[in-house]
Amino acid sequence: MKVLAPVFHAVVVLAGAALLAGCHGARPASLGISRGRLAPCPSSPNCVSSLADDDSHRIAPLPFSGAAAAAIGRIEGVVRSLPRASVVTATETYLHAEFTSAVFRFVDDVEFLADEAAGVVQARSASRVGFSDLGVNRKRIEDIRARLDESLSR
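A. Highlighting a nonpolar patch on the surface. Taken together, the side chains of Val103, Phe104 and Phe106 make up a nonpolar region of the molecular surface, amounting to roughly 290 Å² of accessible area. Positionally, Val103 belongs in the loop between strand 4 (94-100) and strand 5 (107-115). Given a relative accessible area of 67%, Val103 falls into the exposed group.

So, in structure tokens, the structure goes:
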């Protein structure tokens, strides 16, 4: 029995590591721009979007004036300054970034789409796995909004 204890322990540790390694999930195929819009949020409460119709998912878009490319550039600068963030795609009107949580390595996808005619940047932040995000995605977009406001007031 004493011989099996180290083997059992090793199996448990390896299984736990495999489970945690899988927490990042695959990049959703629905990301990006479709028909001029970002993807809608799923019914789960782990997503916010400025294009959502319901209050539980809705968040205000980010206003801007001037060129869309400049607005996306400012947002990209803020995103690159944040911990555990990496920019996946950046164009003059669209930005996709991934944020990875510190402990369990969960990945959230954050997207921005500039609408120059309306003078706003639409925002979407969604967890890849799980049901609830404990408000992390909403807090992230509001933090980015506050950092943008701060940088513009300087």
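B. Main features of the pairing of strand 5. Along strand 5, eight of the nine residues are buried, which leaves the element largely enclosed by surrounding structure. The sheet contact formed by strand 4 and strand 5 spans seven bridges and is antiparallel. The residue bridging Thr100 from the neighbouring strand is Val107, located in strand 5. In this antiparallel pair of consecutive strands, strand 4 and strand 5, the connection spans six residues, and Arg105 shows a positive phi of 65°. Pairing of strand 5 with strand 6 (residues 120-127), which is carried by eight bridges, proceeds in the antiparallel orientation. When the bridges of strand 6 are listed, Ala114 appears paired with Val121. With antiparallel pairing between neighbouring strands as the criterion, strand 5 and strand 6 make up a hairpin whose turn holds four residues, including Gly119 at a positive phi of roughly 70°.

C. Examining the pattern of salt bridges more closely. Summed over all chains, the structure comprises eight salt bridges. Glu98 serves as the salt-bridge partner of Arg27, at 2.7 Å between the closest nitrogen and oxygen. With Arg27 in the loop between helix 1 (4-21) and strand 1 (47-49) and Glu98 in strand 4, this residue pair connects regions lying 71 residues apart in the sequence. Judged by relative accessible area, which is 13%, Glu98 ranks as buried. In this structure, Asp108 engages Arg140 in a salt bridge whose closest nitrogen and oxygen atoms are separated by 3.0 Å. Here Arg140 lies in helix 3 (residues 136-153) and Asp108 lies in strand 5, a separation of 32 residues in the sequence. With relative accessibility at 12%, the residue Arg140 sits in the buried group.

D. Structural view of the environment of Phe64. As for its position among the elements, Phe64 is in the loop between strand 2 (62-63) and helix 2 (68-81). Separated by 57 residues in sequence, Phe64 and Val121 have C-alpha atoms that sit 7.2 Å apart. Not counting residues up to four positions away in its chain, the partners in contact with Phe64 are Ala71, Arg74, Ala114, Asp115, Glu116, Gly119, Val120 and Val121.

E. Up close: the state of the cysteines. Overall, the coordinates contain one disulfide when judged by the stated rule. Residue pairing for Cys41: its cysteine sulfur links by disulfide to Cys47, the two sulfurs lying 2.1 Å apart. Looking along the S-S bond of the Cys41-Cys47 disulfide, the torsion reads about -65°, which is the left-handed sense. Residue class for Cys41 comes out buried when judged on its relative accessible area of 18%. The exposure class of Cys47 is buried, given its relative accessible area of 1%.

The rules behind the values
- Residues numbered from 1 in each chain as written.
- Predicted model: local features only at pLDDT ≥ 70, side-chain atom pairs only at ≥ 80, totals over all residues.
- Heavy atoms only, no water.
- Patch = residues over 30% accessible without salt bridge, like charges linked within 9 Å, V, L, I, M, F, W, Y side chains within 5 Å.
- Areas by Shrake-Rupley, 256 points an atom, 1.4 Å probe, with all protein chains shown as cover.
- Salt bridge = Lys/Arg side-chain N within 4 Å of Asp/Glu carboxyl O.
- Helix = DSSP H or I, 4+ residues; strand = E, 2+ residues; numbered from the N terminus.
- Buried < 20%, exposed > 50% of the residue type's maximum accessible area, 1.4 Å probe, protein only.
- Pairing = 2+ DSSP bridges.
- Contact = heavy atoms within 4.5 Å.
- Disulfide = S-S within 2.5 Å.

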